[in-house]
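# What the coordinates show
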Amino acid sequence: MDAFTPAQTTELISRIGAKKARTRIDKMFVNSFLGGALISFGCALSLSTSSSPWFQTNAPGLIRTISAMVFPVGLIMVVLTGADLFTSYCMYSVVALLHRRCSLMDLLKTWFVSFFGNLAGALFLMAVLTGYGGTFEDGAYKNQALSFAKTKVVTPQWHQIFLRGILCNWLVCMAVFLAASSREIVSKIIAIWFPVMCFVGLGTDHVIANMYFIPLAIFLGSPKPLTVGYYIWKSMIPSLLGNIIGGGLFTGVVYWYLFLAGNDVEIHFDTMPMDHPVCSCQGYGHSNGSVKEGHSHMIPSSGNVGMSGLAKDLHGEHFKKNSTSSETTA
């Protein structure tokens, strides 16, 4: 099976969390802005797909499932472009913190910047592109946007949104974890698709996705009690807390405890020099620009099974700890 083991994947998650903690704040905010906007594309497509009055009345489970099947396009774009999402940071930063590769201040910084960067990106796409663009201003589309926001915020109780938030980010972080374990793009897409489809189909609450859904309804003139203040208290806060627990505890803490606590996990590319991207290719060798059959040599690679850009960025040499300190060397 051409995939990282669960232990190696958890090690990668720790390294990614440490690397992201070192990112400049301005770049982190811009990347988080993109993350909020990209996830909102999936929200908009899902909402548009579910704007089917006949299905809502006669086959609500079917239309929810179909809508859930198109939502993952947002997270796929986030993961494959390296954009930042607060809900992913709930796992990345917690594992890096427990593995002593970042500090508590690093964790709080990444959470704060990514949360408000995601908010800015989601609101930008909601208001400027689909809001003023008129995507949901008429007919069944507007009715569905208003009805969906009501079922997300007004109908459920506070503790129900909180519990749904736990379930939601458990699945979202599992999607990110499975994508990290995959070595090539098709496997990553499939790994993301099904857990995300599951959380949407179950009607759970993703705090960043709701930054598109609920403000859109307010923009379209939702009736009371759905106001900005009501949304923050009744939806944003419980889903935020639930997402932190779902991603931080049920994925971050659990997998750190299972695979990294008291263990040193090595990944195959850690044995390769960082300054020489190479790939082991069985049956062919590369020498002075020529390819020879019948050899098993190290050849330059764009990186499917050997040293890739990701492998160079996440090489173990970047994350060694000083013998006199618990901090990771940069």
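Quick summary incoming for the structure in this document. (Residues numbered from 1 in each chain as written. Predicted model: local features only at pLDDT ≥ 70, side-chain atom pairs only at ≥ 80, totals over all residues. Heavy atoms only, no water.)

On to the nonpolar core, then. If you look at the biggest cluster of nonpolar residues, it comprises 67 residues, and the most contacted ones within it are L75, M211 and Y212. For this core, the element with the highest residue contribution is helix α9 (residues 158–181), accounting for 10 residues. Not counting the four nearest positions on each side in its chain, L75 is found in contact with I39, L85, V172, A175, I192 and V196. (Core = buried A, V, L, I, M, F, W, Y, C linked by side-chain atoms within 4.5 Å. Buried < 20%, exposed > 50% of the residue type's maximum accessible area, 1.4 Å probe, protein only. Helix = DSSP H or I, 4+ residues; strand = E, 2+ residues; numbered from the N terminus. Contact = heavy atoms within 4.5 Å.)

We now examine helix α8 (residues 139–154). Taking 1.5 Å per residue, 16 residues should reach 22 Å; α8 reaches 22 Å between its end C-alpha atoms and fits that length. Among the residues making up α8, those that are buried are Q144, A145, A149, K152 and V153. Projected onto a plane normal to the axis of α8, the buried residues spread over an arc of 140° and lie on a single side. Opposite the buried face of α8, by more than 90 degrees, sit the exposed residues N143 and K150. Among the structural elements, α2 (25–49), α3 (53–58), α9, α11 (207–219) and α12 (228–260) are those in contact with the buried residues of α8. (Expected span 1.5 Å × (residues − 1). Arc of directions from axis to C-beta.)

Moving on: a nonpolar patch on the surface. On the surface, F29, V30, L34, F112 and F116 cluster together into a nonpolar patch covering about 480 Å² of accessible area. Those elements giving two or more residues to the nonpolar patch turn out to be α2 and α7 (104–131). In terms of residues, the nonpolar patch owes the most to one element, α2, which gives three residues. Relative to the elements of secondary structure, F29 occurs in helix α2. (Patch = residues over 30% accessible without salt bridge, like charges linked within 9 Å, V, L, I, M, F, W, Y side chains within 5 Å. Areas by Shrake-Rupley, 256 points an atom, 1.4 Å probe, with all protein chains shown as cover. Salt bridge = Lys/Arg side-chain N within 4 Å of Asp/Glu carboxyl O.)

The geometry of a pair of packed helices is captured by two quantities: the angle between their axes and the separation between those axes. It is at 8 Å that the axes of α9 and helix α10 (residues 185–201) come closest, and there the two elements cross at 175°. Classed by the angle they form, the pair α9 and α10 counts as roughly antiparallel. Judged by residue contacts, C168, L171, V172, A175, L178, A179 and A180 of α9 engage K188, A191, I192, P195, V196, C198 and F199 from α10. Classifying every residue of the contact of α9 with α10 by side-chain character gives 13 nonpolar, no polar and one charged. (Axes fitted to C-alpha atoms, helices over the stretch in contact; angles between N-to-C directions. Parallel < 35°, antiparallel > 145°, perpendicular 65-115°, else oblique. Nonpolar A, V, L, I, M, F, W, Y, C, P; charged D, E, K, R; others polar.)

Another point: the packing of helix α6 (residues 86–98) against α9. One can describe the packing of α6 onto α9 by two numbers: an axis separation of 9 Å at closest approach and a directional angle of 70°. Between α6 and α9, the crossing angle belongs to the class labelled roughly perpendicular. Counted together, T87, S88, C90, M91 and Y92 of α6 and N169, V172, C173, V176 and F177 of α9 form the full contact between these two elements. The residue makeup of the contact of α6 with α9, split by class, is seven nonpolar, three polar and no charged.

Within the fold, S235 resides in helix α12. Setting aside residues no more than four positions away along its own chain, S235 makes contact with V153, I161, N210, I214 and Y230.

This paragraph deals with the pattern of salt bridges. All told, the structure shown has five salt bridges when counted by the stated rule. For the salt bridge of E11 with R101, the shortest nitrogen-to-oxygen distance reads 2.7 Å. Taken as a pair, E11 in helix α1 (residues 6–21) and R101 in the loop between α6 and α7 lie far apart in primary sequence, 90 residues in all. A relative accessible area of 2% means that E11 is categorised as buried. For R101, a relative accessible area of 10% puts it in the buried group. A cluster of three or more residues bridged by salt bridges with shared partners is formed by E11, R15 and R101.

Okay, the side chain of K234 next. In this structure, K234 sits in helix α12. An unpaired buried charge is present at K234: no salt bridge exists, and D205, the closest side chain of opposite charge, is 10 Å distant. At 2.9 Å, the side chain of K234 and the backbone oxygen of V153 are in polar contact. Each residue touching K234, except ones within four places of it in the same chain, is listed here: V153, V154, P156, Q157, W158 and I161. (Lys, Arg positive; Asp, Glu negative; His and termini not counted. Polar contact = N/O pair within 3.5 Å; in protein donor to acceptor, adjacent residues only side chain to side chain.)

Following the criterion strictly, the structure yields 16 aromatic pairs and no others. On the numbers, 5.5 Å between centres and 80° between planes, the contact of F86 with F115 is edge-to-face. Taken together, the residues span a long stretch of sequence, with F86 in helix α6 and F115 in helix α7 at a distance of 29 residues. Here F86 and F115 have matching classes, each one buried. Between F177 and Y255, the aromatic rings sit 4.8 Å apart at their centres with planes inclined by 20°, giving stacked as the arrangement. With F177 in helix α9 and Y255 in helix α12, this pair connects stretches of sequence that are 78 residues apart. The pair formed by F177 and Y255 is uniform in burial state, with each residue classed as buried. Here the guanidinium or amino end of R183 rests over the ring plane of F4, the centre of that ring lying 4.4 Å away. (Phe/Tyr/Trp six-rings, centres within 6.5 Å; stacked < 30°, edge-to-face > 60°. Lys NZ or Arg CZ within 6 Å of the ring centre and 35° of its normal.)

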